[in-house]
Amino acid sequence: MERTVGDRLRRARRRRFVGRGGEIELFRTALADGDFSVLFLHGPGGVGKSALLGEMAEAAREAGVVPVTVDARTLTPEPAAFLRAVETPRERHAVLIDTYELLAPLDDWVRERFIPGLPADTVVVIAGRDAPPARWVADAGWHELLRVVSLRNLSPDDTRSYLRVEGVPAELHERVLRLAHGHPLTLSLLVDLIRRGQDVPGALSGVPDVVRALLGRLVEDVPGARHREALQICAHARFTTEDLLREMLGEDAGPLFRWLRTLSFVEEREFGAFPHDVVRDILDADLRWRDPERYAKLHRELRARFVERARTVREDERVRHQAVADIMFLSRHHPVVLGYWRLAGLGHVSVSRLRQGDVGTVVAMTREHQGEEQAAYAARWAERQPGAFGVFRDEAGEAFGYAAYLALHEAAEEDLQADPGTAAMWGHVHRHAPPRPGEGVLAWRFFVDAEPEQRPSRSETMIRLWHGQEIITRSGQAWDLVTVLSERDYWDPLLSFFDFHHAPEASYRVGGRLYDVYAHDWRVLGVDDWLALTAERELGAPVTAATVAAPELVLSQQEFAGAVRGALRDLHRPDRLLGNPLARSRLVRSDDDPAASLRRLIEEAAGVLREDPREESLYRVVDRTFLRPAATQERAAEMLGLPFSTYRRHRNRAVERIVAVLWDREVYGTGHQVDSDRPGG
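Fair warning: this is a prediction, and the values are worked out from it, not measured in the lab.

Q: Describe the environment of Phe27, naming the residues involved and giving the relevant values.
A: In this fold, Phe27 is placed in helix α2 (residues 21–33). According to the relative accessible area criterion, Phe27 is buried, its value standing at 0%. C-alpha of Phe27 to C-alpha of Val38: the two residues are 11 residues apart in sequence and 9.5 Å apart in space. When neighbours within four sequence positions are excluded, Phe27 is seen to be in contact with Leu39, Met56, Ala59, Ala60, Ala94, Leu96, Val123 and Val125.

Q: Go over the packing of aromatic side chains with me, naming the residues and quoting the values.
A: As enumerated under the stated definition, the model contains 21 aromatic pairs in all. Aromatic side chains Tyr405 and Trp444 sit 4.0 Å apart centroid to centroid with 20° between the ring planes, which places their arrangement in the stacked category. In this pair, Tyr405 is assigned in strand β10 (residues 399–407) and Trp444 in strand β11 (residues 440–449), connecting sequence segments 39 residues apart. For the residue pair Tyr405 and Trp444, the accessibility class agrees, reading buried in each case. If you follow Arg445 out to its NZ or CZ, it ends over the ring of Phe446, 4.3 Å from the centre.

Q: Please provide a residue-by-residue account of the pairing of strand β15 (residues 513–521), values included.
A: When you tally the buried positions in β15, you get 7 out of 9 residues, the bulk of the element. As paired elements, strand β12 (residues 477–485) and β15 share 7 bridges and run antiparallel to each other. Directly across from Thr483, in β15, lies its bridge partner Val517. In the sheet, strand β13 (residues 501–502) pairs with β15 via 2 bridges, with the strands oriented antiparallel. Paired with His502 across the strands is Tyr518, a residue of β15. When strand β14 (residues 508–510) meets β15, the two strands line up antiparallel, connected through 3 bridges.

Q: An account of the pattern of salt bridges is needed here, citing residue identities and associated values.
A: Throughout the structure, instances matching the rule amount to 48 salt bridges. Where Arg92 meets Asp121, a salt bridge forms, and the shortest distance between an N and an O atom there is 3.7 Å. Of the two residues, Arg92 is situated in the loop between α4 (79–85) and β3 (93–98) and Asp121 in the loop between α5 (107–114) and β4 (123–128); the sequence distance between them amounts to 29 residues. Residue Arg92 is classed as partly exposed on the basis of its relative accessible area of 26%. Residue Asp121 is classed as partly exposed on the basis of its relative accessible area of 38%. Of the charged contacts in the structure, one is a salt bridge between Arg573 and Asp575, with a shortest N-O distance of 3.4 Å. Each of Asp107, Asp108, Arg111, Glu112 and Arg135 takes part in one network of salt bridges that share partners.

Q: Give a description of the sheet that holds strand β5 (residues 146–150) that names residues and reports values.
A: Spatial ordering of the open sheet is given by β2-β3-β4-β1-β5, a layout of 5 strands whose pairing is parallel. A strand with exactly one partner marks an edge of an open sheet, and here the two such strands are β2 (66–71) and β5. Going across the sheet, the axis of each strand differs from the next one's by a mean of 15°, ignoring polarity. Note: β3 against β4, 4 bridges, orientation parallel. The residue bridging Ala94 from the neighbouring strand is Val123, located in β4.

Q: Account for the environment of Leu627, naming residues and giving values.
A: Along the chain, Leu627 turns up in helix α27 (residues 616–627). Overall, the relative accessible area of 13% leaves Leu627 in the buried class. Residues Leu627 and Glu603 lie 24 residues apart in sequence; the distance between their C-alpha atoms is 7.4 Å. Ignoring any residue separated from it by four or fewer positions in sequence, one finds Leu627 in contact with Leu571, His572, Glu603, Ala606, Tyr619 and Val622.

Q: So what's going on with unusual backbone geometry? Which residues, and what values?
A: Phi is positive for Thr99, close to 55°, though the residue is something other than glycine. Mapped onto the secondary structure, Thr99 falls in the loop between β3 and α5. Judged by relative accessible area, which is 9%, Thr99 ranks as buried. A positive phi angle, close to 55°, is found at His181, a residue other than glycine.

Q: Mind laying out the side chain of Asp521, listing which residues take part and the relevant values?
A: Relative to the assigned elements, Asp521 resides in strand β15. In this structure the side chain of Asp521 is engaged in a polar contact, spanning 2.9 Å, whose partner is the backbone nitrogen of Arg523.

Q: Before we move on, could you go through the nonpolar core and cite the residues and values that matter?
A: Of all hydrophobic cores here, the largest spans 95 residues; its most connected members are Leu231, Ile233, Leu245, Leu260, Leu302 and Phe392. Looking at this core element by element, the count peaks at 7 residues for helix α15 (residues 292–312). Core analysis: the next-biggest nonpolar cluster, separate from the first, contains 34 residues, Ala378, Ala404, Ala433 and Val517 among them.

Q: Help me get a handle on helix α23 (residues 527–538), residues and values and all.
A: Structurally, the α-helix is built with 3.6 residues per turn, so residues lying three or four positions apart point the same way. For α23, which comprises 12 residues, the first-to-last C-alpha distance of 16 Å matches the rise-based estimate of 16 Å (1.5 Å per residue) to within 8%. Buried residues of α23: Val527, Trp530, Leu531, Thr534, Ala535, Arg537 and Glu538, and no others. Down the axis of α23, the buried side of the element spans an arc of 160°, and every buried residue falls inside it. Each element contacted by the buried residues of α23 is listed here: α14 (277–290), α15, α21 (458–473), α22 (488–497) and β15. Phi for Gly540, located one or two positions after α23, is positive at around 115°.

Q: An account of the packing of α15 against helix α16 (residues 317–329) is needed here, citing residue identities and associated values.
A: At a closest axis distance of 8 Å, the pairing of α15 and α16 adopts a crossing angle of 155°. Judged by the inter-axis angle, α15 sits roughly antiparallel to α16. Judged by the twist between their axes, the crossing of α15 over α16 is left-handed. Along the contact surface, α15 presents Arg303, Phe306, Val307, Arg309 and Ala310, while α16 presents Arg320, Ala323, Val324, Asp326 and Ile327. Residues that form the contact of α15 with α16 fall into these classes: 6 nonpolar, no polar and 4 charged.

Q: Tell me about empty space enclosed by the protein, and please be specific about residues and values.
A: Applying the stated criterion across every chain, the model contains 2 cavities of 30 Å³ or more. Considered as a void within the structure, the largest cavity measures approximately 430 Å³ in volume. The wall of the largest cavity is formed by 25 residues, among which Ile463, Arg464, His467, Gly468 and Phe498 lie closest to the centre. The element that contributes the greatest number of residues to the lining of the largest cavity is α21, accounting for 6 residues. Each pocket or cavity is described by its volume, and for the second largest cavity that value is around 50 Å³. In terms of lining, the second largest cavity is formed by Arg288, Tyr295, His299, Leu330, Ser331, Arg332, His333, His334, Glu538 and Leu539. Considered class by class, the residues forming the lining of the second largest cavity number 3 nonpolar, 4 polar and 3 charged.

Q: Which residues make up the side chain of Thr122, and what values go with them?
A: By the secondary structure assignment, Thr122 is in the loop between α5 and β4. Of the residues examined, Thr122 reaches a relative accessible area of 5% and is grouped as buried. With residues near it in sequence (within four places) discarded, Thr122 still touches Ser37, His93, Ala94 and Val95.

Q: Explain the pairing of strand β7 (residues 272–275) residue by residue, including any values.
A: The side chains of a regular strand alternate between both faces of the sheet. Sheet topology note: the strand β6 (residues 266–269)/β7 ladder contains 4 bridges and is antiparallel. If you follow Arg269 over to β7, its bridge partner there is Gly272. Between β6 and β7, which pair antiparallel in sequence order, lie 2 residues.

Parameters and conventions
- Residues numbered from 1 in each chain as written.
- Predicted model: local features only at pLDDT ≥ 70, side-chain atom pairs only at ≥ 80, totals over all residues.
- Heavy atoms only, no water.
- Helix = DSSP H or I, 4+ residues; strand = E, 2+ residues; numbered from the N terminus.
- Buried < 20%, exposed > 50% of the residue type's maximum accessible area, 1.4 Å probe, protein only.
- Contact = heavy atoms within 4.5 Å.
- Phe/Tyr/Trp six-rings, centres within 6.5 Å; stacked < 30°, edge-to-face > 60°.
- Lys NZ or Arg CZ within 6 Å of the ring centre and 35° of its normal.
- Pairing = 2+ DSSP bridges.
- Salt bridge = Lys/Arg side-chain N within 4 Å of Asp/Glu carboxyl O.
- Axes fitted to C-alpha atoms, helices over the stretch in contact; angles between N-to-C directions.
- Polar contact = N/O pair within 3.5 Å; in protein donor to acceptor, adjacent residues only side chain to side chain.
- Core = buried A, V, L, I, M, F, W, Y, C linked by side-chain atoms within 4.5 Å.
- Expected span 1.5 Å × (residues − 1).
- Arc of directions from axis to C-beta.
- Parallel < 35°, antiparallel > 145°, perpendicular 65-115°, else oblique.
- Left-handed = near helix turned anticlockwise from the far one by under 90°.
- Nonpolar A, V, L, I, M, F, W, Y, C, P; charged D, E, K, R; others polar.
- 1 Å grid on protein atoms, 1.4 Å probe; cavity = no way out; pocket = protein on both sides within 12 Å on 5 of 7 lines; lining within 4 Å.
- Points joined across faces, edges and corners; volume = space filled by probe spheres on them.

Distances and angles like these do not, on their own, reveal function.
Below is the structure:
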């Protein structure tokens, strides 16, 4: 029976204290059985250590044991000050020490002098941000008397229980769950927000007062500006390594990385260090709110480095896979993107080429989820282009979905027309802007998710990862097409964000089901411009229907050659160069001065001839005909000491070579090699 207000207060606290039953029961067992003497609790700020000690104090009272609490924040780290704070009663007691990290200078004394001098039935609970120093664990004498517990965030079930106890409306539970990641302090602050009648934001950046309160608890004084920069990088990137810090911050990387590893809220995995989810979100939200320009600069720089890593680490498929995942991770807070992929367990799934027996798995999976007719087309294409198929597997190697990225430009016309899907997509491409020689048309003709009831699903995450890798590392593509089962309300926001536009003429039906197609022409918006566009959208730029203000021209090879000849002829007439079709090609159109850019382009292509001793005579002809033209071509032949017929033959050969050099750049781009690798597991 509740006889005092204090009784009611303790009962209320107990009712609201969820998720730490195991730790409290462990403490009660120590009080009852004496199996061990020291319970060492560690975890980041705000995870609930102080609240747990308060509950353990109540459990001690219920067991007839006097709790003696010590808050290290109130005393200097000296034995005398510590002993004054510990007023040891004659009755049996338990010692509960909070914020133990502040007593680091006393650790040896506490372990070797203070605790051994206590009565044998005393239980000591130590709570701090840091795990116990190695000497606790290494000392054989403490092996039986010590229990170490790492306090983590509350589980989703415990979080929901807490929210129910606090009377939070059920429709807000999932949003609070996503924001708080089970972090007790964040939960309590958000619950307070709800009680005050305020809306729950979509991201922590929407409540800067909550962010500031959490920062004060989670991150103590940072040693200096460079340490703060390292912390911001660690919060924004998926994983942080010393190499990444060196790329971003220079030669201070070693000491800064070692400092990051000492922080209680930073964990380590195979690919690097990372903060707890709630700390990551708080640090990231704080920088975005406090210094938007610095935040945008950090986002762009990290993204550029991960893109470069994905493009250059060509011999290690796994590293490239991770680099693309790092790029995807940077968009995790965007209100459109966050609903389409699962961060949890990303390192435990993979996409791999077809293995022995996989064709049967693919066909059976397609039959179950998309019908017999679609399964027959999948079997046909698995025979024609087996390298286009990738199977999504879990850590045990079990398949949970697959996709196929068909190279339509490599397929026989008979095969394209035999499948209504490829026929519709191929027809759309040819009606709008056919591929030119050397250009590819790639189509996600098949995507089967064996876990459709889970959204976002693992398969949706994997196809995004695979597709991102293909976009970043391939070159020379004209069209990219994506097929989805007809759910435009679901797919439109994501695919529009990534500048893939609905192509109704390319849609088709198989087995009575409608498949929608989304398309992107890489000759209109190239990969580098696409990367820049999506980076700005991740930072908040609006998703608009128009890709570019004035679309660039996509010329046939014959039209392109004619435009190059015209540019050579008008090389010293800027007004005419502005009207040349090349001024609106992807080679030139992004430049502020298209005429000057086109002239430089021609001069650079001519320079290729000069670099080859076998073609130096051709360069001299180009020089006197176009670059520094003589008054007439007859005069040019005379200056070069060539018969006019020989001069004309050299001139034609030189023009053909310049056309070939520029066509190669138009089709394949610059700085990239064609890559037809498929992802491995």
